[in-house]
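Fold and geometry: a report
Below are the chains, spelled out letter by letter.
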Amino acid sequence: MTNRSPWISIGTLIFLILLGPQPNSLSAQGIGVATRAGTMGVGAEVSLGFYEKFAIRGGFGKIDWDFMPEIPTSYFGLNFGLPGVDPSLAETKVLFPETLNVGADIYLTTNLRITGGILLQTGEMGLEGTVGSTGTVAIGSKSYQASDLETFKGTLSDNKNYIPYASIGLGNHSERGFGLFTEIGAAFHGKRILTLSATGNQNVIANADFQAELAKERTNLQEKIDSYLKIWPILSVGFRFSL
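Residues numbered from 1 in each chain as written. Predicted model: local features only at pLDDT ≥ 70, side-chain atom pairs only at ≥ 80, totals over all residues. Heavy atoms only, no water.

1. Structural notes on the overall build of the chain
Each helix and strand in the chain was counted, giving three helices and 14 strands. Within the chain, the proportion of its 243 residues that are buried is 41%. Long-range contacts, defined here as pairs at least 24 residues apart, represent 71% of the contacts in the chain between residues at least 6 apart. As displayed, the chain offers around 12100 Å² of accessible surface, 62% of which is attributable to carbon and sulfur atoms. (Helix = DSSP H or I, 4+ residues; strand = E, 2+ residues; numbered from the N terminus. Buried < 20%, exposed > 50% of the residue type's maximum accessible area, 1.4 Å probe, protein only. Contact = heavy atoms within 4.5 Å. Areas by Shrake-Rupley, 256 points an atom, 1.4 Å probe, with all protein chains shown as cover.)

And the structure:
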């Protein structure tokens, strides 16, 4: 994950592009604003079109799962964030970072475009959950009493500050008037590092044996993450307006 400074620099760049003077050979054709919802969150976009085939587009999105019901860990298959916990004994919350995207749109037709750009993310991505007071929890190669454990938390971090993405979409942000748009693509995270932690009875949590088993669990999950979570799907739909 990144700190706030890249957000400021990229935000300033967008501001200068949109408000600064443009060369005559690259005169702006239209300024569009939009709202969107999808796997990059719910948020807004701003687009500045040049000629008829090219545009610079930036946006911000946030996924807020506070309104969602608790999710059984079995839905995720990996049991990511709550290793070895019976789903009936756990409550799980999904963590998503805020996402800022900046990219270039190239229009193949009036409404069909391809896009390439970068994402910046801040905040945590992963799962956190509360363990019930009965039953046992399997961690690594051993089992522990659920009453000795309170919470588990698994978060992912990227090994690079800027995440490249590519997409294809329908809808022209720079076309005057109102309209709908869609976008589908992928963000290429590459290798992501898992951090796994737990809270509870300190006589258990702080024990070297428990920490060793937790490290085993993290290693097992890391192997699955390396196989399945290097690419994040992009799917967005939205409503746009252009001047």
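2. Structural notes on the environment of Gly-190
Among the secondary structure elements, Gly-190 is positioned in the loop between strand E12 (177–188) and strand E13 (192–200). Counting along the chain gives 36 residues from Gly-190 to Asp-226, while the straight-line C-alpha distance between them is 8.3 Å. Beyond its immediate chain neighbours, meaning those up to four positions away, Gly-190 contacts Lys-160 and Lys-230.

3. Things to note about the nonpolar core
Val-137, Ile-139, Tyr-144, Leu-149, Phe-152, Phe-210 and Leu-214 are the most contacted members of the largest nonpolar core, which has 17 residues in total. Elements supplying a minimum of two residues to this core: strand E8 (136–139), strand E10 (149–158), E13, helix H2 (202–205) and helix H3 (208–228). Counting residues per element, this core draws most heavily on H3, at four residues. When residues no more than four places from it in sequence are discounted, the contact partners of Tyr-144 are Gly-135, Thr-136, Val-137, Ile-139, Leu-149, Val-204, Asp-209, Phe-210 and Glu-213. Counting residues in hydrophobic clusters, the runner-up holds 12 residues, among them Ile-63, Val-94, Leu-119 and Met-125. (Core = buried A, V, L, I, M, F, W, Y, C linked by side-chain atoms within 4.5 Å.)

4. Examining the environment of Gly-169
The topology assignment puts Gly-169 in strand E11 (residues 163–170). Overall, the relative accessible area of 5% leaves Gly-169 in the buried class. With 55 residues separating them in the primary sequence, Gly-169 and Ile-114 have C-alpha atoms 6.4 Å apart. If we ignore the near neighbours within four places in the chain, the residues touching Gly-169 are Asn-111, Leu-112, Arg-113, Thr-182 and Glu-183.

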